[in-house]
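So the chains spell out like this:
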Amino acid sequence: MSTRRIFLQKAGLSTLALSLPFANSLSAMNTDKEDKVLRVAIMGLGSYGTRVAEAMKDCKRAKLVGVVSGTPSKVETWKQKYGIPDKNCYNYETFDQIKDNPDIDVVYMTTPNSLHKPHCLSIAAAGKHVISEKPMALNAAEGREMVASCKKAGVHLLVGYRMHFEAKTLEVVRQQRAGEFGKTLFFQGLSGFIIGDPTQWRLDPALAGGGAMMDIGVYSINGARYMLGEEPTWITAQEVKTDPVKFKEGVDETITFQMGFPSGAVASCLSTYSLNNLDKFYLNGTKGFAEMQPSTGYGPIKAWTNKGPIEAEHITHQTTQMDEMAAIILDGKKPLIPVDGEEGLKDLVIVDAIYAAAKSGEKIKLG
Ligand code: NDP
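Bear in mind that the values here come from a model prediction, so they are computed numbers and not experimental data.

The rules behind the values
- Residues numbered from 1 in each chain as written.
- Predicted model: local features only at pLDDT ≥ 70, side-chain atom pairs only at ≥ 80, totals over all residues.
- Heavy atoms only, no water.
- Helix = DSSP H or I, 4+ residues; strand = E, 2+ residues; numbered from the N terminus.
- Expected span 1.5 Å × (residues − 1).
- Buried < 20%, exposed > 50% of the residue type's maximum accessible area, 1.4 Å probe, protein only.
- Salt bridge = Lys/Arg side-chain N within 4 Å of Asp/Glu carboxyl O.
- pLDDT = per-residue confidence, 0-100.
- Contact = heavy atoms within 4.5 Å.
- Near = heavy atom within 4 Å.
- Polar contact = N/O pair within 3.5 Å; in protein donor to acceptor, adjacent residues only side chain to side chain.
- Areas by Shrake-Rupley, 256 points an atom, 1.4 Å probe, with all protein chains shown as cover.
- Nonpolar A, V, L, I, M, F, W, Y, C, P; charged D, E, K, R; others polar.
- Pairing = 2+ DSSP bridges.
- Axes fitted to C-alpha atoms, helices over the stretch in contact; angles between N-to-C directions.

1. Comments concerning helix α9 (residues 212–228)
Okay, so step 1: Relative to the 24 Å expected for 17 residues at 1.5 Å per residue, α9 spans 23 Å between its end C-alpha atoms, a close match to the ideal helical length.
Okay, so step 2: Burial within α9 is extensive, with 17 of its 17 residues counted as buried.
Okay, so step 3: Of the residues one or two after α9, Gly 229 is the one with positive phi, at around 70°.

2. As for the pattern of salt bridges
Okay, so step 1: Here the structure, examined in full by the defined rule, presents 20 salt bridges.
Okay, so step 2: Among the salt bridges present, the one from Arg 61 reaches Asp 331, with a minimum N-O distance of 3.0 Å. Taken together, the residues span a long stretch of sequence, with Arg 61 in the loop between α3 (47–56) and β2 (62–68) and Asp 331 in helix α10 (residues 317–331) at a distance of 270 residues. Taken individually, Arg 61 and Asp 331 each receive the classification buried, so the pair is uniform in this respect.
Okay, so step 3: Residue Arg 174 is joined to Glu 180 by a salt bridge in which the shortest nitrogen-to-oxygen separation is 3.5 Å.
Okay, so step 4: Given a relative accessible area of 27%, Glu 180 falls into the partly exposed group.
Okay, so step 5: One continuous salt-bridge network, built from bridges that share partners, spans Arg 39, Lys 87, Asp 103 and Asp 105.

3. Considerations on the confidence of the model for the protein
Okay, so step 1: Residues of the protein with pLDDT of at least 70 account for 91%, and the chain-wide mean is 92.
Okay, so step 2: Segment residues 1–31 is flagged for pLDDT under 50; beyond a separation of four residues in sequence, or across chains, it makes 29 contacts in the model.

4. Some words on the site of the ligand
Okay, so step 1: Near the ligand, the surroundings consist of 26 residues, among which Ser 69, Thr 71, Lys 74, Tyr 92 and Arg 162 are the closest.
Okay, so step 2: Here an oxygen atom of the ligand sits 2.8 Å away from a polar atom, N or O, in the main chain of Tyr 48.
Okay, so step 3: Within the side chain of Lys 74, a nitrogen or oxygen atom sits 2.7 Å from an oxygen atom of the ligand.
Okay, so step 4: Contact with the protein chains hides 81% of the accessible area of the ligand, taken as 890 Å² for the molecule alone.
Okay, so step 5: At the level of secondary structure, the elements contributing two or more residues to the shell around the ligand comprise α3 and α9.
Okay, so step 6: Residues that form the shell around the ligand fall into these classes: nine nonpolar, eleven polar and six charged.

5. Observations concerning the sheet that holds strand β12 (residues 289–292)
Okay, so step 1: Reading across the sheet, the nine strands line up as β14-β13-β12-β11-β7-β10-β9-β8-β15 and stay open at both edges, with mixed pairing between neighbours. If you trace the sheet from one side to the other, it starts and ends with β14 (308–309) and β15 (364–365), each paired once.
Okay, so step 2: Sheet topology places strand β7 (residues 184–192) next to strand β10 (residues 266–272); seven bridges connect them, and they run parallel. Bridge pairing in β10 places Phe 186 opposite Val 266.
Okay, so step 3: In this fold helix α7 (residues 167–177) packs onto β7, β11 (278–285), β12 and β13 (303–305), with an angle of close to 165° to the strand it touches most, β12.
Okay, so step 4: Against the sheet, helix α11 (residues 341–360) contacts β8 (234–240), β9 (254–260) and β15, and its axis sits at roughly 60° relative to β8.

6. Some remarks on the sheet that holds strand β3 (residues 89–90)
Okay, so step 1: The six strands lie next to each other as β3-β2-β1-β4-β5-β6, forming an open sheet whose pairing is parallel. Of all strands in the sheet, those with a lone pairing partner are β3 and β6 (157–159), marking the two edges.
Okay, so step 2: Against the sheet, helix α6 (residues 140–153) makes contact with β4 (106–109), β5 (129–132) and β6, and its axis sits at roughly 140° relative to β6, the strand it touches most.

Below you can see the structure in the form of structure tokens.
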């Protein structure tokens, strides 16, 4: 690397360190920033935590170094499998001691939704950065608390929005922002799968905070916002329940919802736990269209426009996500589509409005 480039990077970094609330963590970082690795502890060693851990094996800038778990047998397995030292292993009662551990930078919460807020507050109080899985919290009020606590502690709060780093998604977004589809006036988002085991936490409102909307519908909400590049000003929604035993009070099975945007664009979306093969985004403008199917699954994502297919190499989403999150936390990099707590909060405001609209039948105004 040229001396000039190194100089510019260092100069850019010191300017950034002065202007961001994360100055403390940035100022302490190694100035050879491309060598610095984000040291991650995963909290909740379940299905998604395992996927993230496996994906991180291929990361250049992020490394799994610790765990927080309520299951000692899993901790033993993970210690062996990922070479995690005893001193970096915690349970839910002891993890506030992480504040005294200089070898962990960030805790990635891959736990049930209702645990995100209380654990985020504890992690922030321990002075560590937080990555939360989606949905960031159960509602906007909790989301605001999380954003405020991380800001107060001077730590980053990021949300595991892996699609924000996916190459075909980014190309569609680039073309939309460049006006290649003309004025984009319509988005369709279809998000669903048939949920299995009726005893799982996803169907327990106390742990999930809702049903399909919290789990999979959030992809259509988030997708509408990044595909159109606007924030909605009104919401309408309708709920349908075909199985009130499996989908008890407080657990939505199927919700259709519509969002209106300042430009006049509208989004029409479906969130369900009762249909498979439902993973599609469609964006239409006055000059062209983009279609993605699958649009948010683990990939490979397929995308095409009126000009033909979009080609890009498939990289495991969570590998790219964690390398990019390392750059955000360690270098102050700004992603094209944000993944911070404010971004997570915007989706939660919409989730609240969708539930309110479905319950009341009213059009809910936002903003
Ligand atoms: P799992 O049930 O597979 O794992 C959750 C883990 O959390 C458990 O294994 C357990 O780990 C821990 N846990 C702590 N308390 C509880 C509790 N009361 N009940 C159940 N588990 C508990 O869930 P997932 O991994 O599928 O989902 C976790 C989070 O990740 C959710 O917020 C979900 O929305 C999100 N997710 C995101 C995806 C994405 O693509 N971005 C995909 C899938 C999920 P331990 O025993 O170690 O304590």
